[in-house]
Amino acid sequence: MTMMSYKTPEHDYKYELNKDLNFSAAHFIPDDRAGKCSNVHGHTYFVNITIAGDRLDDLGFLVNFSSLKSLISDAFDHTLLNEHKRFQERPPTSETLAETIYEMVAEFVGGLDNRPVCLQVYLQETPTSYVIYRPKESRK
C-alpha cells in the first residue's frame, strides 16, 4: 500500500481524515487559448479529500470513506465533465473541478450530525500537474 502525505492547513480539530480516490473522465476547455486542451481528451484524476472534526458519529466514523468515494465517483467517473450541471457556467479546468469537489463534499458533510468540515481538495490531473483547493474563509 502506498501512503501519501499532503500538506494540510493548520487546525485544532481532534480528527483529520484523508480519502484518496480516482476516477476517469473526459473534458475540453471551449476556448482556442487552451491549445490542445480545447479538444475532447481524458484523464484519470487522482483526488485526496481532507476532512476534520471533533466528534465521531454513532458508528465511530468522522465520515464513512465509502460515502465520499460514492459522492465523487457517482458524479464524475466515466463522464464528460462539460455535461455536468456544475460546469454549465464555467469550464472544467483542474482548478474549477477541485473547487467543485470541495463544494460537493462541504455540502455533504455539512448535513452530518457530527458536523465535520472539509479543509481541502487535492486534485492531480497528470503525474506532473495538480491543484490544491482550500476555501479562503474558514468554515469552522
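Our subject is the structure that appears above.
These figures come from a predicted structure and were not determined experimentally.

Definitions and cut-offs
Residues numbered from 1 in each chain as written. Predicted model: local features only at pLDDT ≥ 70, side-chain atom pairs only at ≥ 80, totals over all residues. Heavy atoms only, no water. Salt bridge = Lys/Arg side-chain N within 4 Å of Asp/Glu carboxyl O. Buried < 20%, exposed > 50% of the residue type's maximum accessible area, 1.4 Å probe, protein only. Helix = DSSP H or I, 4+ residues; strand = E, 2+ residues; numbered from the N terminus. Polar contact = N/O pair within 3.5 Å; in protein donor to acceptor, adjacent residues only side chain to side chain.

A. A look at the pattern of salt bridges. Inspection of every chain in the model, using the stated rule, returns five salt bridges. The closest approach of N and O atoms between aspartate 31 and arginine 33, which form a salt bridge, is 2.8 Å. Exposure remark for aspartate 31: the relative accessible area of 28% places this residue in the partly exposed category. For the salt bridge of arginine 86 with glutamate 107, the shortest nitrogen-to-oxygen distance reads 3.8 Å. Here the residue arginine 86 occupies a position in the loop between strand E3 (79-80) and helix H2 (94-110), and glutamate 107 occupies one in helix H2, the gap between them amounting to 21 residues. For arginine 86, a relative accessible area of 28% gives the class partly exposed. Using a relative accessible area of 57% as the deciding quantity, one classes glutamate 107 as exposed. Taken together, the shared-partner salt bridges connect Arg86, Arg90, Glu99, Glu103 and Glu107 into one network.

B. Focus on the side chain of asparagine 48. Position of asparagine 48 relative to the elements: it lies in strand E2 (residues 41-53). Classification of asparagine 48 by relative accessible area gives buried; the value is 0%. In this structure the side chain of asparagine 48 is engaged in a polar contact, spanning 2.7 Å, whose partner is the side chain of aspartate 20.

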